[in-house]
Amino acid sequence: MKNLYIVGAGGCDREVLQIIKDIHRIQGPRWNIVGFLDDTEDPLAGKECDCKVVGTIKDFQPGENDVLAMAIADPAGKRKLAKLLLDKGAVFENIIHPSAGIAEYVEMGIGNILYYGLTISNNTRIGNFVTLLHSFIGHDVEIGDYSTISAICNITGHVKIGKEVFIGGSCAIVPHAVVEDHAYVGMGSVVLRHVRTGKKVFGNPAREVSI
């Protein structure tokens, strides 16, 4: 059984711990959960948690029997930490909640986190280090590396989402729309056509904002 370390110890990271526990409870033990890796000071202060911070990300040296779960939601943070750890030879697992509904012919890279209640339809392509909360991902969707899609989103058919994109909760993206790399789609937005590289959009319909 591999030793599993969770990268980060914030709110998303504790949610990922719960997903791992659910995997063990429903499907049987898969990993030895060692603990969190985090570079901030006392990230679990005031939080009830039976898993502890066991080291820093910057100082971690993976052993032959070690695997990691990327539990960072921020796209740029994921990219930075993934490179740091991959350069050290780290191996990342896909963490998939047993209740996630994944259709046939879905392609997926490494280091992904799939939450409870998520639905992914046919012929969807998911890159590396993608975080998907309980949302609907339609058929023939493409999601680039390091992107995060928050809860209760409706990503409809043939949508293309680039790398390092953050999509807030309760968003809808209409069929064939494109969200380019590094874009930010604010909570509750409805994307009708196109979000340009590095832009932030909010509203229904979603419009570019300067904040």
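Residues numbered from 1 in each chain as written. Predicted model: local features only at pLDDT ≥ 70, side-chain atom pairs only at ≥ 80, totals over all residues. Heavy atoms only, no water.

### Notes on the side chain of Ser 135
Defined as follows: Numbering of helices and strands runs from the N terminus; a helix is a DSSP stretch of H or I covering at least four residues, while a strand is a stretch of E covering at least two. Three exposure classes are used, based on accessible area relative to the maximum for each residue type with a 1.4 Å probe and protein chains only: buried under 20%, partly exposed in between, and exposed over 50%. Two N or O atoms count as a polar contact when they lie within 3.5 Å, although within protein this holds only if one can serve as hydrogen donor and the other as acceptor, and sequence-adjacent residues are included solely when both atoms are side-chain atoms. Should any heavy atoms of two residues lie within 4.5 Å, those residues are counted as being in contact.
Along the chain, the position of Ser 135 falls in the loop between strand S11 (131-132) and strand S12 (136-137). Residue classification places Ser 135 among the buried residues on the basis of a relative accessible area of 5%. At 2.7 Å, the side chain of Ser 135 and the backbone oxygen of Ser 150 are in polar contact. Not counting residues within four places of it along the chain, the set of residues in contact with Ser 135 comprises Gly 117, Leu 118, Thr 119, Ile 149, Ser 150, Ala 151, Ile 152 and Cys 153.

### Remarks on the sheet that holds strand S1 (residues 2-7)
Put simply, the rule is: We treat two strands as partners when DSSP finds at least two bridges between them. For every element, the axis is a line fit to its C-alpha atoms; helices are fit only across the contacting stretch, and the angle between N-to-C directions ranges from 0 to 180 degrees.
One open sheet holds the 4 strands; their spatial order is S3-S2-S1-S4, and the pairing between them is parallel. Because the sheet does not close on itself, it has two edges, and the strands there are strand S3 (53-55) and strand S4 (66-70). Shown here is a sheet whose adjacent strand axes are inclined to one another by a mean of 45°, direction ignored. The pairing of strand S2 (residues 31-37) with S3 spans 2 bridges and is classified as parallel. The partner of Leu 37 across the bridge, within S3, is Gly 55. Contacting S1, S2 and S4, helix H1 (residues 11-27) runs over the sheet at an angle of about 175° to S2. Across the sheet, helix H2 (residues 75-86) is in contact with S1 and S4; its angle to S4 comes to roughly 170°.

### A look at the state of the cysteines
Using the following cut-off: The definition used for a disulfide is geometric: two cysteine sulfur atoms within 2.5 Å.
Scanning all chains against the criterion turns up 0 disulfides. With no disulfide of its own, Cys 153 has Cys 171 as its nearest cysteine by sulfur position, at a separation of 4.7 Å.

### Concerning the sheet that holds strand S14 (residues 148-149)
Spatially, S5-S8-S11-S14-S17-S20-S23-S24 is the arrangement adopted by the 8 strands of the open sheet, whose pairing is mixed. Both edges of this open sheet fall to strand S5 (95-96) and strand S24 (207-209), since each of them pairs with a single strand only. Relative to strand S20 (residues 184-185), strand S17 (residues 166-167) is paired through 2 bridges, and the arrangement is parallel. Looking across to S20, one finds that Phe 166 is bridged to Tyr 184.

### Some thoughts on the nonpolar core
Note the cut-off: Think of a nonpolar core as a cluster: buried Ala, Val, Leu, Ile, Met, Phe, Trp, Tyr and Cys residues, connected wherever their side-chain atoms sit within 4.5 Å.
Grouped together as the largest cluster of nonpolar side chains are 27 residues, with contacts concentrated most on Leu 132, Ile 143, Ile 149, Ile 155, Ile 161, Ile 167 and Ile 173. Once residues lying within four places of it in the same chain are set aside, the contact partners of Ile 143 are Arg 125, Ile 126, Gly 127, Val 130, Leu 132, Ile 137, Ile 149 and Ile 161. One finds Leu 17, Ile 19, Cys 51 and Val 67 within the second-largest nonpolar core, a separate group that totals 22 residues.

### Considerations on unusual backbone geometry
In this model, Asn 204 is joined to Pro 205 through a cis peptide bond whose omega is 0°. Assignment of secondary structure puts Pro 205 in the loop between strand S23 (200-202) and S24. Its identity is not glycine, yet Glu 164 carries a phi of approximately 55°, on the positive side. With respect to the element layout, Glu 164 can be found in the loop between strand S16 (160-161) and S17. In this model, His 176 sits at a positive phi of 70°, which is unusual for a non-glycine residue. Within the secondary structure layout, His 176 lies in the loop between strand S18 (172-173) and strand S19 (178-179).

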